[in-house]
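Residue-level listing of the chains:
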Amino acid sequence: QVQLVESGGGLVQAGGSLRLSCAASGRTFSNYVLGWFRQAPGKEREFVAAISRSGGTTYYGEFVKGRFTISRDNAKNTMYMQMNNLKPEDTAVYCCAVGLGSGSAYYPSGYDYWGQGTQVTVSS
């Protein structure tokens, strides 16, 4: 079992920045592929970013376009996502997830454990 706790969400004006964190406890953190997904009201869950076990490979949703950076610190069992130049359409609940890598990093089915999420609200 892996427990995940997100933090760092909040209210920010368009063009601003936030840094999300995802702290994990339980099994060996470095065994897992890590990802961020988001879900806005009335919309499907959407892939945001993912990072390989070593941190050497990252993946991003097309809408990110260089604005977000995912990273991980295996020694601290923590994943981060720096979000810059935020837009109102980035408003959503952001959830972190971990998976053993048996499925695609781009889809929720590729992950085994999920956090509760943190709200990000971007005002115009």
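Our subject is the structure listed above.
Residues numbered from 1 in each chain as written. Predicted model: local features only at pLDDT ≥ 70, side-chain atom pairs only at ≥ 80, totals over all residues. Heavy atoms only, no water.

Draft legend 1. Inspection of the overall build of the protein chain at higher detail. The secondary structure content of the protein chain amounts to zero helices and 11 strands. Mapped from its N terminus to its C terminus, the protein chain presents α and β elements in the order β-β-β-β-β-β-β-β-β-β-β. Against the compact-globule benchmark of 14 Å for 124 residues, the protein chain has a radius of gyration of 13 Å, which places it among compact chains. On the principal axes, the C-alpha backbone points of the protein chain span a range of 40 × 25 × 25 Å. When each of the 124 residues of the protein chain is scored for burial, the buried share is 44%. Sequence separation of at least 24 residues holds for 57% of the intrachain contacts in the protein chain that already meet a minimum separation of 6. (Helix = DSSP H or I, 4+ residues; strand = E, 2+ residues; numbered from the N terminus. Rg over C-alpha atoms; globule rule 2.2 N^0.38 Å. Buried < 20%, exposed > 50% of the residue type's maximum accessible area, 1.4 Å probe, protein only. Contact = heavy atoms within 4.5 Å.)

Draft legend 2. Representation of the packing of aromatic side chains in the model. Throughout the structure, instances matching the rule amount to seven aromatic pairs. Judged by centre distance (5.3 Å) and plane angle (80 degrees), the ring pair of Phe 37 and Tyr 111 falls under edge-to-face. Of this pair, Phe 37 sits in strand β4 (residues 33-39) while Tyr 111 sits in the loop between β9 (92-99) and β10 (113-114), placing them 74 residues apart in sequence. Here the two residues Phe 37 and Tyr 111 agree in accessibility, since each one is buried. Where Phe 63 meets Phe 68, the ring centres are 6.4 Å apart and the plane angle is 85 degrees; that geometry is what we call edge-to-face. For the pair formed by Phe 63 and Phe 68, the shared burial category is buried. Chaining the aromatic ring pairs together yields one cluster made of Phe 37, Phe 47, Tyr 59, Tyr 106, Tyr 111 and Trp 114. Between Arg 19 and the ring centre of Tyr 80, over which it is positioned, the NZ or CZ distance is 4.1 Å. Just above the ring of Phe 63 sits the side chain of Arg 38; from NZ or CZ to the centre is 3.8 Å. (Phe/Tyr/Trp six-rings, centres within 6.5 Å; stacked < 30°, edge-to-face > 60°. Lys NZ or Arg CZ within 6 Å of the ring centre and 35° of its normal.)

Draft legend 3. Fine view of the sheet that holds strand β1 (residues 2-7). Reading across the sheet, the four strands line up as β1-β3-β8-β7 and stay open at both edges, with antiparallel pairing between neighbours. Looking at the sheet topology across the chains shown, the edges are occupied by β1 and β7 (68-73). Here the strands of the sheet are splayed against their neighbours by 15 degrees on average, with no regard to which way each runs. In the sheet, β1 pairs with strand β3 (residues 18-26) via six bridges, with the strands oriented antiparallel. Bridging from a neighbouring strand, Gln 3 pairs with Ser 25 of β3. (Pairing = 2+ DSSP bridges. Axes fitted to C-alpha atoms, helices over the stretch in contact; angles between N-to-C directions.)

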